[in-house]
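The primary structure of each chain is shown beneath.
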Amino acid sequence: MNEEQQRKIYHYLKSKNIENFVGVPDSTLKHFIDECLQNDNILITTREEEAIGIAAGMSLSKSNSLVFMQNAGFANSISTITSLIQLYEIPLIFLIGWRGYLPDDAPEHLKIGKIQPELLKIIGLKSQILTEENWKVKCNWALKQLKQKKPCALVIRRMFHD
Amino acid sequence: MIRKEAVKIIAESVGNNPIISANGFMSRDLFETYDKESNFYMIGSMGLASSIGLGIALKNPKKQVFVFDGDGNILMNFGSLVTIGSLKPKNLVHIVFDNSSHESTGGQPTHSSEINLAKIAKNVNYKIFVVQTKTKLMSVLKNIKKFKGPIFILIKISTSKERSKRVSWKPKTIRDRVIKAL
């Protein structure tokens, strides 16, 4: 997804009462993350599970949070998502950069990248893929999930090589 | 001192302030000795009590927030010490009940006896206290109000065969009670 749209997503979610942006950096999401940094509204953690824990504490304090991460970190976090976020039904939006979407991405991403949609399905975390055209509609979907006290995930595909 | 005795002393001293208690016997001891609405009992996601506590502390600056952690728990989320030490929440009191073992899974050893947890916490900007006895624990609890956090209290406890009952609240109920109390 291009730089302009990623930066817009930050401001859109912020305007819709998402107050906290917590997570571990990912190159697919770098413009979104940079916009959080520019606006001095970001908490970068050591691991993805830590970010989920902090965001959960903020949500329990009635302050809405988004947790950003690469899908490698999502794979790390599955037990935390099932035994904390889903078990207690803590509303959170996950923003996940999807490495290994392209079949010729770097080799370390291919295995998890290939099963990424199945991983989300298996644990029952509802998700939508964001594109440059549909992001506002999909963000509104995520905000609606949050209002119903449900966690959900938005996924941005890695469509480039570097 | 066993964990349950220390938990009871602290929980009574903490009063209505929120406590985030680690999974396993820690939450069971707290539930049995001092159940209240602002207790967040973890029943899974080992290691994350201090992270949940940090999130709550950052959003509730007027409340002193207590984390009841174990040595096995903090060793599993060691980066949390760095994040907390960098953000320096004044209202966070991070208590580690250290028995150098994974008591909830059968008493297998942790490596906490080989390292100095308090020294590590000090190096990442915590104000530290090390406690071995009930008398010292009570005097530290009286004094912590004078200090700015993050505060780290390392309590050396002995292992015990005593078992508290499981937390009977459903996870969603625990959530709703905490949201209401904060």
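Once a new chain begins, its residue numbering starts again from 1 and follows that chain's sequence as written. Ligands are numbered from 1 and chains lettered from A, in the order in which they are written. With pLDDT at 70 or above as the cut-off, local features in this predicted model cover only qualifying residues; side-chain atom pairs require 80 or more to be listed or tallied, and sums for whole chains, interfaces and linings still use all residues.

Engineer: Report on the overall build of chain B, specifying residues and quantitative values.
Structural biologist: Helix and strand labels come from DSSP, where a helix needs a run of H or I of at least four residues and a strand needs a run of E of at least two; each type is numbered from the N terminus. Regarding its fold elements, chain B presents eight helices and eight strands. A compact globule built from 182 residues should have a C-alpha radius of gyration of about 16 Å, and chain B, at 15 Å, falls within 12% of that. Projected onto its principal axes, the C-alpha positions of chain B cover 40 × 40 × 30 Å. Here chain B holds 182 residues, and 47% of them are scored as buried. Note on contacts: each residue gets a C-beta atom placed from the backbone, and two residues are in contact if those atoms are within 7 Å. Excluding contacts between residues fewer than 6 apart, the proportion of contacts in chain B whose partners are at least 24 apart in sequence is 72%. Here the globule rule reads 2.2 Å times residues to the power 0.38, and the radius of gyration is calculated from C-alpha atoms. Exposure in this text rests on C-beta crowding, where 20 or more other C-beta atoms within 10 Å of a residue's own make it buried, 12 or fewer make it exposed, and counts in between make it partly exposed. The C-beta atoms are placed from the backbone.

Engineer: Can you tell me about helix H3 (residues 49–59) of chain B, naming the residues and giving the values?
Structural biologist: For H3(B), a buried count of 11 out of 11 residues is recorded, marking the element as mostly surrounded by other parts of the structure. Restricting attention to buried positions, one finds in H3(B) the residues Ala49(B), Ser50(B), Ser51(B), Ile52(B), Gly53(B), Leu54(B), Gly55(B), Ile56(B), Ala57(B), Leu58(B) and Lys59(B).

Engineer: Explain the interface of chain A and chain B to me, using residue names and the numbers behind them.
Structural biologist: Taken together, the contacts link 22 residues of chain A with 25 residues of chain B. Residue assignment for the side of chain A that touches chain B shows that the elements contributing at least two residues are helix H3 (48–60) and helix H5 (78–86) of chain A. No other element matches H3(A), which puts nine residues into the side of chain A that touches chain B. When grouped by side-chain class, the residues that make up the side of chain A that touches chain B number nine nonpolar, eight polar and five charged. Under the grouping applied here, Gly and all other residues not named as nonpolar or charged are polar, the nonpolar ones being Ala, Val, Leu, Ile, Met, Phe, Trp, Tyr, Cys and Pro and the charged ones Asp, Glu, Lys and Arg.

Any link to function would need more than the numbers given here.
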